[in-house]
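Observations on the model geometry
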Amino acid sequence: MRATIAGIGMTPLTRASGRTELELAVEASQLACADAGLDPREIDAVLSYHLNDSAPVIHVARALRIDRLGWHNDISGGGTQAASILGDAAMLIEAGLARNVLIYRALNGRSGKRMNTVSTGPQERFTIPYGMAGPIPMFAMAATRYLYDTGLIPEHLHAVVAQSRENAATNERALRRDPLPLDEYLQKPFVCSPLRTVDCCQETDGACALVVSRSLPGPRIHAVARGGGPGCSTMDRSPDVTSIFSSQVAPILWTVSRMQPTDVQVALLYDAYSWLIPRQLEDFGLVPRADLGAYLLARGHARVNPHGGLLSEGYVHGLNNVAQAVREVRAGAEVALVTGFGGSYGSAALLTA
């Protein structure tokens, strides 16, 4: 692919922004354009993803004074789009339909519409009587099975969260930077066993934006994969509830990229819940299952979410992890892996220097 990520921009991450999603989106977009050395009016395509909790791309384009807007799309979806939206932008550039593509995600995920509230859709009519209300119980069920299958225990989940805090300690954007000793972790209340409050990603107000370009310098979008397997959005009916998107997407990514796990120098993994870190490390071939426990306890994963990830930096539906991948490649990493998902379907991308 010829597409590069030429600019990144983020608003401060807070728990009460006091601003509209449009204001957040515009600020992040202006910062991304400035980082790319681009006038916003040189943007000719705009993409975003949301769950009816953001500002439409037409409104953002108008606020940026983009007079002539080509391809534009409000994509329905959450974390599954965090990596694959890079593929959408790259395909527009490869097809000659755009020169500079703006991508953004803006939300008031704490003070506005919160994702961890109980869903009342048609499916939940059948699951709520069994305690399956919203995403946390669903992922807690999968976590219980995964911990049993792998022999991982609460100390291993603590290691994931504690490492996340250590990584975030020097990140001024991060909302959680305090150390988390094991005894303090074990005292945290359960949201849904085995997931404690600190095992769950944050609810955050903020926005993140990227500029993907055909001609400007920046980390290259080397390969993107998207897919899913049995269960997809109905994890409770999957033959293997622990089999998340990475088991489906990883083989595709390595095939289309002609790379292998040993090429990855830094991994930006979608850490909506702590147990998903070892699951993705295993699926992408970064750490064998038999070695996961020792790897986590040795705190050897400083190159996994070095900014603190969604657990400690904040939650902009995974796009802030993509922004960090750009920073890592700019700082010298040759290959960065970034992922995003919402169950047993999702996406992954490789950025290269």
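Read on for a plain summary of the structure. Sequence positions are assigned chain by chain, starting from 1 and proceeding in written order. With the structure being a predicted model, the display of local features is reserved for residues of pLDDT at least 70 and the display and counting of side-chain atom pairs for 80 or more, all residues being used for whole-chain, interface and lining totals. Excluded from the side-chain calculations are hydrogens and water; all other atoms, namely the structure's heavy atoms, are used.

What counts as a disulfide here is a pair of cysteine sulfur atoms lying within 2.5 Å. A full pass over the atoms with the stated rule returns zero disulfides. Summary of cysteine pairing: Cys200 is not part of a disulfide, and the nearest cysteine sulfur, belonging to Cys201, is at 7.1 Å.

A word on the pattern of salt bridges. Any Lys or Arg side-chain nitrogen found within 4 Å of a carboxyl oxygen on Asp or Glu counts as a salt bridge. All chains considered together, the criterion is met by 14 salt bridges. The partner of Arg99 in a salt bridge is Asp44, with the nearest N and O atoms 3.1 Å apart. With Arg99 in the loop between α3 (81-94) and β4 (100-108) and Asp44 in the loop between α1 (21-36) and β2 (45-50), this pair connects stretches of sequence that are 55 residues apart. Asp44 sits in the buried class, given a relative accessible area of 13%. Measuring nitrogen to oxygen at the nearest pair gives 3.2 Å for the salt bridge that ties Glu328 to Arg303. With Glu328 in helix α12 (residues 319-330) and Arg303 in the loop between α10 (292-297) and α11 (309-312), this residue pair connects regions lying 25 residues apart in the sequence. For Glu328, a relative accessible area of 11% corresponds to the buried category. Classification of residues uses two cut-offs on accessible area relative to the type maximum, computed with a 1.4 Å probe and protein chains only: under 20% is buried, over 50% is exposed, and between them is partly exposed. Classification of Arg303 as partly exposed rests on a relative accessible area of 42%. Put simply, DSSP marks the helices as runs of H or I at least four residues long and the strands as runs of E at least two long, and each gets a number from the N terminus on.

Let's shift gears to the packing of aromatic side chains. To pair, rings of Phe, Tyr and Trp, with the six-membered ring standing in for Trp, must have centres within 6.5 Å; the planes then decide the type, stacked if under 30 degrees apart, edge-to-face if over 60, and tilted in the middle. Taken as a whole, this structure holds eight aromatic pairs when the rule is applied. Taking 5.5 Å as the distance between ring centres and 45° as the angle between the ring planes, the aromatic pair formed by Tyr146 and Trp275 counts as tilted. Note that Tyr146 is positioned in helix α5 (residues 135-150) and Trp275 in the loop between β9 (266-268) and α9 (276-283), a separation of 129 residues in sequence. Trp275 matches Tyr146 in its accessibility class, with the two residues each being buried.

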